[in-house]
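The chain contents come next:
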Amino acid sequence: MTENASAAEPLAADSAIAVVGMSGRFPGAPDLDTYWSNLLGGLCSVTDFTEAELIADGADPQEVRGRDYVPSKGHLTDADRFDAELFGFNRTEAAALDPQHRLLLQTAWSALENAGRNPLDKAARTGVYVGGGVTEHMLAAQTDPRLAASIGALQVRILTDREFLAPWVSYRLGLEGPSLTVQTACSTSLTAVHLAVQSLLLGECDTALAGGVAVDTPGKRGYVHHQGGIFSPDGRCRPFDERAGGTVPGNGVGVVVLRRLSDALADNDPIRAVIRGSAVTNDGATKVGFTAPGVDQQTAAIVEAWAAAGLEPADAQYLEAHGTATALGDRIEAAAATAAFKGALGTGRIGIGSVKSNIGHLDAAAGVAALIKSVLMLEHATLVPNADAGRPHPELGFEDSPFHLVERATAWPEPELGRRRAGVSSVGIGGTNVHVVLEEAPRRTAAEAPDGPSAPEVLLLSARTPEDLAAVAGRLARALRGAEAPSLADTAYTLFLGRAPMAVRGYVRAGSRAEAAELLAGPASGGAVDAGGPDPLGEAWLAGEPVLWKRGGRRAALPSYPFAGESHGAYRLVPRAAGAEPERSGPSAGLEQDIRALLAEALGLADADDPEMTYFAAGGDSLTAVHLVGCLRDDFDLDVPITLFLEQLTLHEMARRIIAVRDGDDSLDALLAEFEAE
């Protein structure tokens, strides 16, 4: 298929998937409007903490004051707040419930509302495909005998383990489609999207929630930088940049609502973008180690996704890359993408970037954060830059590739043939590679109603508390004043059809968006709802009587429920007391035995006394090597080059070499050369 032919390929509504709703909370962004504003401005939302902030929030003072501690993270504010009563949890359950579960429940609710759907409508055949990471809360709660004695060990596990992320969403929202908790490390949430797409195409469900969450701890934390490891030495993530030095951890949550495009068009859903195709591969055993990425299967995932879309990779104008800013990861991803997109005509035609520069690496939520960013760019026809973008790293070869690093916000011009299209990639430790093909939403053909005088519309409002009702009204008023506000008829239709009726109610009756926004100012400021004149339908709503909606409309993307729950905290692992670590001997005759013991502990061996056992035969890999380099420096004050662990040495010989090399050059360049040689 030629580029021109593929670019003109018509959109097949029966094989494409519509993104009809989205919700997310990311570092520096409590909602997607703020997220877009931050992305558009090229803002880095990684937080730098003070020593006092970190210690006050429970971090280990000894670790914080260490020479290699980096006090930075993509921090998620108020990650421990939860509207427990709305979701049917008592205070004891809410305190035990993992913060990841709490955030995912609220985000799934908001995503359904963004799609114009009542979250408590108990819609049949709605699937849930989500995943999360390991959390400090989960580990601390599951090892706390007092909590187990209080509510039972099984209940502790159900409330904290990540394997129950999807079932809790299905249970609390009454969703009866497939419910799968997905786990593929860093590519988890984009893999979840792929599985949701496949489920919809197979007819296993008619609507699907897909995404992920990552909150290792709600508290303020930094990380320890190890030379040759994956983390940045200065708390900044610069994918594909000549200053790239590693990634930065972050927390966040994102969920998208998916439907078959044909169904979304028939139901007048608010289509935000279209997924034309997706694919998943694994590197298998074709790479140097378990934690290393591979070129061939990353390329295959891209090619297969675009083939599933009936398109060519060359039909893309943008690639949202995984982009960890590690030397090995960026080089392999650039090589894989260049091979996949080699059919693109012209050097530098395709923009490339990674949201990790803005918010850090969100682990299990990284893929959905990238997907949502790409959908927003398609909606606004704007390419946003990497935060603090500089020149591309010369070793990536962008000057002879189809790519250019996006350095500033620019208009995304409409292609001469076809539609605006983007690819989104995600790569997981362990080798699971995912690629999703996105296309801008089909244009709505029906004319929008003007915002002039017309037949009055009744906007029905409800919330759990009077304070929440005021917040609902305020959010809606701001939305109706916006330049891209939906018609008043669509707003009224969505509020009736796409919101869960709650106990505290109000309504306004207005003939234009401007009038409605003004009337909503009363409840927004804490006063009573000014109805703008009594209305029989509105009065029936206030009385809790059945309301029959006789007017048509379209589902519209309106502000979601303003969750205002209290802080329920999080269980924390207690830092090990100073001196609790076994003391190790200094440079002496006993040092070799101590180092052998460290090697055995890291490799899960009973001992390291077998003179023939090699590091690789014992299961060692590059990630374990990074850990050991850090332990040797911290526990023995030995600076050992990481390249030592890539040699075919027995554990005995390795221990002797470690002692002999006191001031070696821990060069990542040497590590890369070793990988390439193999």
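Look a little higher up for the structure.
The following refers to the structure shown. Here the structure is a predicted model, which means the values were calculated and not measured. (Residues numbered from 1 in each chain as written. Predicted model: local features only at pLDDT ≥ 70, side-chain atom pairs only at ≥ 80, totals over all residues. Heavy atoms only, no water.)

**With respect to the overall build of the protein chain**
Each helix and strand counted, the protein chain has 25 helices and 21 strands in total. The buried share of the protein chain, reckoned over its 678 residues, is 56%. Restricting the contact set of the protein chain to residue pairs at least 6 apart, pairs at least 24 apart contribute 79%. (Helix = DSSP H or I, 4+ residues; strand = E, 2+ residues; numbered from the N terminus. Buried < 20%, exposed > 50% of the residue type's maximum accessible area, 1.4 Å probe, protein only. Contact = heavy atoms within 4.5 Å.)

**Remarks on the sheet that holds strand β13 (residues 350–353)**
Reading across the sheet, the 11 strands line up as β7-β6-β8-β10-β1-β11-β18-β17-β12-β13-β15 and stay open at both edges, with mixed pairing between neighbours. Strands with a single pairing partner mark the edges of an open sheet, and in this sheet they are β7 (179–181) and β15 (403–405). For this sheet, the mean inter-axis angle between neighbouring strands, taken without regard to orientation, is 25 degrees. Looking at chain direction, strand β1 (residues 17–25) and strand β11 (residues 273–282) are connected through three bridges and run antiparallel. Bridging across to β11, Ile 17 finds its partner in Ile 275. Sitting on the sheet, helix α11 (residues 188–202) is in contact with β1, β6 (126–132), β8 (207–214), β10 (252–260), β11, β17 (421–427) and β18 (432–440), with an inclination near 170 degrees to β8. (Pairing = 2+ DSSP bridges. Axes fitted to C-alpha atoms, helices over the stretch in contact; angles between N-to-C directions.)

**Regarding the environment of Val 547**
Among the structural elements, Val 547 can be located in the loop between α21 (536–542) and β21 (566–567). Owing to a relative accessible area of 14%, Val 547 belongs among the buried residues under this scheme. In this structure, the C-alpha to C-alpha distance between Val 547 and Leu 537, residues 10 residues apart in sequence, is 6.6 Å. Among residues more than four places away in sequence, those in contact with Val 547 are Leu 460, Phe 496, Leu 537, Ala 540 and Trp 541.

**What to know about the environment of Phe 616**
Considering the arrangement of structural elements, one finds Phe 616 in the loop between α22 (591–603) and α23 (622–636). The partly exposed category is assigned to Phe 616, whose relative accessible area is 28%. Sequence separation of Phe 616 and Leu 649 is 33 residues, and the distance between their C-alpha atoms is 8.4 Å.

**Description of the packing of aromatic side chains**
Aromatic ring pairs: the centre-centre distance and the angle between the two ring planes describe each pair. Following the criterion strictly, the structure yields 18 aromatic pairs and no others. Here Tyr 223 and Phe 231 contribute two aromatic rings whose centre-to-centre distance is 5.0 Å and whose plane-to-plane angle is 40 degrees, an arrangement assigned as tilted. Accessibility expressed as a relative area gives 6% for Tyr 223, which makes it buried. Both rings, one in Phe 341 and one in Phe 403, keep their centres 5.4 Å apart while their planes meet at 75 degrees; by these two values the pair is edge-to-face. Remark: Phe 403 occurs in strand β15 and Phe 341 occurs in the loop between α14 (327–340) and β13; sequence separation between them is 62 residues. A relative accessible area of 2% places Phe 403 in the buried class. Taken together, Phe 82, Phe 87, Phe 89, Trp 109, Trp 168, Tyr 171, Tyr 561 and Phe 563 form an aromatic cluster joined through their ring pairs. (Phe/Tyr/Trp six-rings, centres within 6.5 Å; stacked < 30°, edge-to-face > 60°.)

**Some remarks on the pattern of salt bridges**
A full pass over the atoms with the stated rule returns 40 salt bridges. Notably, a salt bridge pairs Arg 238 with Asp 234, separated by 2.9 Å at the nearest N-O pair. Overlapping salt bridges, with partners in common, bring together Arg 117, Arg 259, Asp 267, Asp 269 and Arg 555 in one network. (Salt bridge = Lys/Arg side-chain N within 4 Å of Asp/Glu carboxyl O.)

**Describing the nonpolar core**
One broad trend across soluble globular proteins is that nonpolar side chains are buried collectively. Counting residues in hydrophobic clusters, the biggest one holds 73 residues, and the most contacted among them are Phe 89, Val 169, Leu 209 and Leu 459. The biggest single contributor to this core is helix α6 (residues 99–114), with seven residues. Discounting chain neighbours no more than four positions away, the residues touching Phe 89 are Phe 82, Ala 84, Ala 94, Leu 97, Leu 105, Leu 159, Trp 168 and Arg 172. Judged by nonpolar contacts, the second largest core, of 49 residues, contains Leu 39, Leu 258, Ala 365 and Leu 383. (Core = buried A, V, L, I, M, F, W, Y, C linked by side-chain atoms within 4.5 Å.)

**Brief notes about unusual backbone geometry**
Most peptide bonds are trans, and most residues other than glycine sit at a negative phi. Notably, Asn 268 is not glycine yet its phi reads approximately 55 degrees, a positive angle. You can see Asn 268 is positioned in the loop between α12 (261–266) and β11. In this structure, Asp 637 takes a positive phi of about 60 degrees despite not being glycine. Among the structural elements, Asp 637 can be located in the loop between α23 and α24 (651–660). Residue Asp 637 is classed as exposed on the basis of its relative accessible area, which comes to 60%.

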